[in-house]
Amino acid sequence: GENVEQHPSTLSVQEGDSAVIKCTYSDSASNYFPWYKQELGKRPQLIIDIRSNVGEKKDQRIAVTLNKTAKHFSLHITETQPEDSAVYFCAASPGDNFNKFYFGSGTKLNVKP
Amino acid sequence: NAGVTQTPKFQVLKTGQSMTLQCAQDMNHEYMSWYRQDPGMGLRLIHYSVGAGITDQGEVPNGYNVSRSTTEDFPLRLLSAAPSQTSVYFCASSYSRGLGTGYNSPLHFGNGTRLTVT
């Protein structure tokens, strides 16, 4: 089955700096890669996603890049704000029609004011 | 729309007890799934369903049963609770563009059930 590894496990940045979280996956059949943000005690919520036919996607301060050859994708947050503090999860889903997702272990982002 | 609704929010069980975690969605999504979240391990798939009457096992199915009699509901049953099942459980749903398309869609999560087994 798919194996998703996520680094770092914790990340502390100063407000206004950029943050980068990296994930690797093992199954070349994976073709959909969402990122979720989870605030303490809340449910995970989708913040951005990318499909395997695209190399990069951007939404305001958030961007995701995908390198299919290296089986590697990353989340980039620019101009970080204290409200960006949360746990972020990457996930990979094979294109097998079953909508199963394999998650990374999470990155706790702390944005210091 | 309420989205994905999970009950209960909290539950404490003794070892050996059984219970059902309820999950309902009102978005007419074909796909539904259950994940458990443990510290440092992300979310792991327990069981999933691609439509009413169809269920299958995920990564960590042992000790859990599911059924899908309607599109809306996808309950998770703990048969004989064990301390290793102490976790936060999330139900999720997503839409389908149809089998054979290879298109996966984002998960919509419920608010979770925090389960403690003593």
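Everything below is about the structure printed above this text.
Since we're looking at a predicted model, the values are computed, not measured.

Visitor: Give me the lowdown on the overall build of chain B, citing residues and values where you can.
Guide: Of regular secondary structure, chain B possesses 0 helices and 11 strands. Traced from its N-terminal end to its C-terminal end, chain B shows the element sequence β-β-β-β-β-β-β-β-β-β-β. A compact globule built from 118 residues would reach a C-alpha radius of gyration of about 13 Å, and chain B, at 14 Å, matches this within 12%. With the C-alpha coordinates of chain B rotated into their principal frame, the extents come out at 45 × 25 × 25 Å. Looking at chain B as a whole, 48% of its 118 residues qualify as buried. On chain B, roughly 5300 Å² of surface is accessible, and the fraction owed to carbon and sulfur atoms is 50%. When the 8 positive and 7 negative side-chain charges of chain B are each reduced to one mean point, those points stand 10 Å apart.

Visitor: Can you break down the overall build of chain A residue by residue, with the values?
Guide: Of the regular secondary structure elements, chain A holds 0 helices and 11 strands. In chain A, the succession of α and β elements from N to C terminus is β-β-β-β-β-β-β-β-β-β-β. In terms of overall dimensions, chain A is globule-like: its C-alpha atoms have a radius of gyration of 14 Å, near the 13 Å expected for 113 residues. Structurally, chain A occupies a C-alpha span of about 45 × 30 × 20 Å along its principal axes. In chain A, buried positions account for 45% of the 113 residues.

Visitor: Got a sec to walk through the sheet that holds strand β7 (residues 62–67) of chain A? Specific residues and values, please.
Guide: All names here are of chain A. Reading across from one edge, β1-β3-β8-β7-β6 is the order of the 5 strands in this open sheet, with antiparallel pairing throughout. In this open sheet, the two strands that pair with only one neighbour each are β1 (4–7) and β6 (56–59). This sheet shows a mean twist of 15° between the axes of neighbouring strands, independent of strand direction. Relative to strand β8 (residues 72–77), strand β3 (residues 19–25) runs antiparallel, the two sharing 6 bridges. Across the sheet, T24 pairs through a bridge with H72, a residue of β8.

Visitor: Talk me through the pattern of salt bridges; I want residue IDs and the actual numbers.
Guide: All told, the structure shown has 5 salt bridges over all chains when counted by the stated rule. K37 of chain A is the salt-bridge partner of E39 of chain A, the closest N and O atoms lying 3.7 Å from each other. The exposure class of E39 of chain A is partly exposed, given its relative accessible area of 37%. Given a relative accessible area of 18%, K37 of chain A falls into the buried group. For D38 of chain B, the salt bridge is made with R44 of chain B, and the minimal N-O distance between the two is 2.8 Å. Each member of the pair, D38 of chain B together with R44 of chain B, is buried.

Visitor: Could you give an account of the nonpolar core, naming the residues involved and the relevant values?
Guide: In this structure, W35, F73, L75 and L109 of chain A are the most contacted members of the largest nonpolar core, which totals 24 residues. For this core, the elements supplying multiple residues, two or more each, are β2 (10–14), β3, β4 (30–38), β5 (45–51), β7, β8, β9 (86–94) and β11 (107–112) of chain A. Here F73 of chain A is in contact with I21, K22, C23, Y25, F33, W35, T65, L66, C90 and A91 of chain A, once residues within four sequence places are set aside. Counting 18 residues, the second largest nonpolar core, distinct from the first, contains I46, F74, A81 and L115 of chain B.

Visitor: For the interface of chain B and chain A, give the residues involved together with the corresponding values.
Guide: Opposite the 27 residues of chain B that make contact, chain A presents 24 residues. Taken over both partners, the interface formed by chain B and chain A buries close to 2100 Å², and the fraction arising from carbon and sulfur atoms is 51%. When the area that chain B buries against chain A is broken down by residue, the three leading residues are L43, N104 and F109 of chain B, summing to 28%. Where chain B packs against chain A, one counts 10 residue pairs in polar contact (both at pLDDT 80 or more). For the side of chain B that touches chain A, the secondary-structure elements that each account for two or more residues are β4 (31–37), β5 (43–51) and β9 (87–94) of chain B.

Rules used throughout
- Residues numbered from 1 in each chain as written.
- Chains lettered and ligands numbered in written order.
- Predicted model: local features only at pLDDT ≥ 70, side-chain atom pairs only at ≥ 80, totals over all residues.
- Heavy atoms only, no water.
- Helix = DSSP H or I, 4+ residues; strand = E, 2+ residues; numbered from the N terminus.
- Rg over C-alpha atoms; globule rule 2.2 N^0.38 Å.
- Buried < 20%, exposed > 50% of the residue type's maximum accessible area, 1.4 Å probe, protein only.
- Areas by Shrake-Rupley, 256 points an atom, 1.4 Å probe, with all protein chains shown as cover.
- Lys, Arg positive; Asp, Glu negative; His and termini not counted.
- Charge placed at Lys NZ, Arg CZ, Asp CG, Glu CD.
- Pairing = 2+ DSSP bridges.
- Axes fitted to C-alpha atoms, helices over the stretch in contact; angles between N-to-C directions.
- Salt bridge = Lys/Arg side-chain N within 4 Å of Asp/Glu carboxyl O.
- Core = buried A, V, L, I, M, F, W, Y, C linked by side-chain atoms within 4.5 Å.
- Contact = heavy atoms within 4.5 Å.
- Buried area = accessible area lost by both parts, 1.4 Å probe.
- Polar contact = N/O pair within 3.5 Å; in protein donor to acceptor, adjacent residues only side chain to side chain.

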